[in-house]
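Observations on chain architecture
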Amino acid sequence: MDVSSKHPVLILVMGVSGSGKSTIGSLLADSLALPFVDADDLHPKENVAKMSSGHPLTDEDRFPWLEIVRKAAEQHVLEQDADPNFRGRRGVVVACSALKKKYRDILRGVDKPRSVPEHLDPPHPHDLPAYIAYIKGDRDLLFDRMHNRKNHFMKAQMLDSQLTDLESPEEEPGVVVIRLEDSTEKQVSDARDGLTKLAGSF
Ligand SMILES: Nc1ncnc2c1ncn2[C@@H]1O[C@H](COP(=O)(O)OP(=O)(O)O)[C@@H](O)[C@H]1O
Ligand SMILES: O=C(O)[C@H](O)[C@@H](O)[C@H](O)[C@H](O)COP(=O)(O)O
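Here the structure is a predicted model, which is why all the values come from computation and not from measurement.

1. Concerning the site of ligand 2
Surveying the vicinity of ligand 2 reveals 13 residues, the closest of which are Ser-17, Asp-40, Leu-57, Ser-97 and Met-154. Across the shell around ligand 2, the residue classes break down as four nonpolar, six polar and three charged.

2. Some remarks on unusual backbone geometry
One non-glycine residue, Ala-98, adopts positive backbone phi at about 45°. Among the secondary structure elements, Ala-98 is positioned in the loop between strand 3 (91-95) and helix 4 (101-108). One non-glycine residue with positive phi stands out, namely Asn-151, at about 55°. By the secondary structure assignment, Asn-151 is in the loop between helix 5 (139-148) and helix 6 (159-165).

3. Focus: the sheet that holds strand 1 (residues 9-14)
Strand order in the open sheet formed by five strands is 2-3-1-4-5, and the pairing between neighbours is parallel. With one partner strand each, in any of the chains shown, strand 2 (36-38) and strand 5 (175-179) form the two edges of the open sheet. Pairwise comparison of adjacent strand axes, ignoring direction, gives a mean angle of 20° for this sheet. Direction of pairing for strand 4 (residues 130-136) relative to strand 5: parallel, over a ladder of five bridges. Counted as the bridge partner of Ala-133 is Val-176 from strand 5. Here helix 7 (residues 184-199) sits on the sheet and contacts strand 1, strand 4 and strand 5; the angle it forms with strand 5, its principal contact strand, is near 165°.

What counts, and where the lines are drawn
Residues numbered from 1 in each chain as written. Chains lettered and ligands numbered in written order. Predicted model: local features only at pLDDT ≥ 70, side-chain atom pairs only at ≥ 80, totals over all residues. Near = placed C-beta within 6 Å. Nonpolar A, V, L, I, M, F, W, Y, C, P; charged D, E, K, R; others polar. Helix = DSSP H or I, 4+ residues; strand = E, 2+ residues; numbered from the N terminus. Pairing = 2+ DSSP bridges. Axes fitted to C-alpha atoms, helices over the stretch in contact; angles between N-to-C directions. Contact = placed C-beta atoms within 7 Å.

Rendered as structure tokens:
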């Protein structure tokens, strides 16, 4: 089957701060010739200010941001649909912490957007199923990675609040586990192989 006729995919690269989402996500996107969305770039400035001052985000801080991230991903696929010259598999790679299941459900497009008032129907979601590459590893290595990363607003002291919020996605469908301690090259290759088994070829 021609890849362009396969269903589009949202590939979510997720994990706590410092786990390597941006690093793996951008390389995976290049390797699959898909656009890349880094959810960190879409945080409202109030969220960045809050995290920079050492305060973890709440659900209320994250919900509108996650809706923006989902919309940005859908937009890429709508542009691929509208491009008569587009040939490859349609989709997008998103790097996002997505720590809780209810956050991932927003990114999956299965949760009603909270910004829509109850009495209005939600907009019809673009048919864009999500597959997940979950970066899993232990606290000490995560702390080292955050500690050694320079010029970043998220300080290593925020790691424990991230781990407290983390709900592992391992029991959810469509998930590939990536080992934190592996080289970036192996992580990208494992993500690519695992996602191809789940979602079909790219
Ligand atoms: N596989 C890896 N091995 C060693 N260091 C890594 C690896 N992946 C990422 N890093 C480093 O760890 C830090 C955090 O990575 P980053 O991609 O910014 O994570 P996140 O986007 O999840 O916060 C960066 O300094 C990055 O260069
Ligand atoms: O949901 C959150 O609390 C944030 O998204 C957080 O997980 C993320 O880590 C920051 O945006 C910092 O960016 P880094 O992931 O690059 O550290």
